Amino acid sequence: MKFKTTELSEEENLIVWKPSFAIGIPVIDAEHKQLVELCNELYKAIMSNKNSERKDVVRIALKECADYVRTHFANEEKLMQVCGYKDFEAHKRTHAEFVKKVLEKSRNFENETFSSSLEFAKFLYDWILSHIAHTDTLYVGDLKAYLGKK
């Protein structure tokens, strides 16, 4: 991580990675774990820094999260295209909507409060878990079938 937070214990993470989150595609599982870690780092930045430092730390954490999400989505979308996933366009739209929300948060950062930062961390939590646990599992069968043919 490029930003520094006061150390919080693992029990104070917002999301704890569980084996049940794995979709069985190692590269995507590794990226999902990194997304979980970035969400935890953002949460820790919000919770562990004084007001004078919090905005700078959260701003950096938010940028790192946004940058990584773009990379992950690009990788995931390439895999979906290669395997001919039938709902690719709808999945891609959910990615675009998420990126839009993160960019809106970045642009409106000067109005950020502790409460709105926590709300955003909760939004990330909900989105990451629902996307990994449900939405991403929908293309796994097609991808595994494609990979099995190679």
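Residues numbered from 1 in each chain as written. Predicted model: local features only at pLDDT ≥ 70, side-chain atom pairs only at ≥ 80, totals over all residues. Heavy atoms only, no water.

**Examining the environment of serine 106**
Working step 1: Mapped onto the elements of the fold, serine 106 is located in helix α3 (residues 88-107).
Working step 2: When the C-alpha positions of serine 106 and isoleucine 60 are compared, they lie 10.0 Å apart, and in sequence the two are 46 residues distant. (Helix = DSSP H or I, 4+ residues; strand = E, 2+ residues; numbered from the N terminus.)

**Section: the pattern of salt bridges**
Working step 1: Taken as a whole and assessed by the stated rule, the structure comprises four salt bridges.
Working step 2: For aspartate 67, the salt bridge is made with arginine 70, and the minimal N-O distance between the two is 3.9 Å. Taken together, the positions of aspartate 67 and arginine 70, both in helix α2 (residues 51-82) and three residues apart, correspond to about one turn of that helix.
Working step 3: As a salt-bridge pair, aspartate 126 and lysine 122 come within 2.8 Å of each other at their nearest N and O atoms. Here the residue aspartate 126 and the residue lysine 122 both occupy positions in helix α4 (residues 114-135), the gap between them amounting to four residues, near one helical turn.
Working step 4: For aspartate 126, a relative accessible area of 35% puts it in the partly exposed group. (Salt bridge = Lys/Arg side-chain N within 4 Å of Asp/Glu carboxyl O. Buried < 20%, exposed > 50% of the residue type's maximum accessible area, 1.4 Å probe, protein only.)

**Quick word on the packing of α3 against α4**
Working step 1: Axis separation between α3 and α4 bottoms out at 12 Å; the angle between their running directions is 165 degrees. The angle between the axes of α3 and α4 places the two elements in the roughly antiparallel class. Here α3 and α4 pass one another in a crossing that is left-handed. On α4, the residues touching His91, Thr94, His95, Phe98, Lys101, Val102 and Lys105 of α3 are Ser116, Phe120, Phe123, Leu124, Trp127, His131 and Thr135.
Working step 2: Of the residues in the contact of α3 with α4, the class split is six nonpolar, six polar and two charged. (Axes fitted to C-alpha atoms, helices over the stretch in contact; angles between N-to-C directions. Parallel < 35°, antiparallel > 145°, perpendicular 65-115°, else oblique. Left-handed = near helix turned anticlockwise from the far one by under 90°. Contact = heavy atoms within 4.5 Å. Nonpolar A, V, L, I, M, F, W, Y, C, P; charged D, E, K, R; others polar.)

**A word on the confidence of the model for the protein**
Working step 1: The predicted model of the protein averages 83 in pLDDT, with 88% of residues at 70 or higher.
Working step 2: Confidence, expressed as mean pLDDT per element, reaches its minimum in the protein at α2 with 84 and its maximum at helix α5 (residues 137-149) with 90. (pLDDT = per-residue confidence, 0-100.)

**Structural notes on the nonpolar core**
Across soluble globular proteins, nonpolar side chains have a tendency to be buried as a group.
Working step 1: Within the largest apolar cluster, 28 residues are counted, with the highest numbers of intra-cluster contacts made by Ile15, Leu42, Val69, Phe98, Leu124 and Ile128.
Working step 2: Elements supplying a minimum of two residues to this core: α1 (26-48), α2, α3 and α4.
Working step 3: If you tally residues by element for this core, the top one is α2, at eight residues.
Working step 4: Every residue in contact with phenylalanine 98, bar those within four places of it in the chain, is listed here: Val69, Phe73, Phe123, Leu124 and Trp127.
Working step 5: Grouped together as the second largest cluster of nonpolar side chains are 10 residues, Ile28, Met80, Phe88 and Val140 included. (Core = buried A, V, L, I, M, F, W, Y, C linked by side-chain atoms within 4.5 Å.)

**Description of the side chain of serine 117**
Working step 1: Tracing the sequence through the fold places serine 117 in helix α4.
Working step 2: Not counting residues within four places of it along the chain, the set of residues in contact with serine 117 comprises Ile46, Arg54, Val58 and Glu112.

**Quick word on the environment of tryptophan 127**
Working step 1: Here tryptophan 127 shows up in helix α4.
Working step 2: The buried category is assigned to tryptophan 127, whose relative accessible area is 17%.
Working step 3: Through-space distance from the C-alpha of tryptophan 127 to that of phenylalanine 98 is 8.3 Å; in sequence the pair is 29 residues apart.
Working step 4: Every residue in contact with tryptophan 127, bar those within four places of it in the chain, is listed here: Phe73, Thr94, His95 and Phe98.

**Details of the packing of aromatic side chains**
Working step 1: Inspection of the entire model under this criterion finds seven aromatic pairs.
Working step 2: For the pair phenylalanine 73 and tryptophan 127, a centre-to-centre distance of 5.7 Å together with 55 degrees between the ring planes defines the contact as tilted. Separated by 54 residues along the polypeptide, phenylalanine 73 in helix α2 and tryptophan 127 in helix α4 bring together distant segments of the chain. This pair shows no difference in class: phenylalanine 73 is buried, exactly as tryptophan 127 is.
Working step 3: With a centroid separation of 4.0 Å and an interplanar angle of 25 degrees, the aromatic rings of phenylalanine 98 and tryptophan 127 are classed as stacked. On the criterion of sequence distance, the pair formed by phenylalanine 98 in helix α3 and tryptophan 127 in helix α4 is long-range, its members being 29 residues apart. Each of the two residues, phenylalanine 98 as well as tryptophan 127, counts as buried.
Working step 4: Among the aromatic residues, ring-to-ring pairing joins Phe73, Phe98, Phe120, Phe123 and Trp127 into one connected group. (Phe/Tyr/Trp six-rings, centres within 6.5 Å; stacked < 30°, edge-to-face > 60°.)

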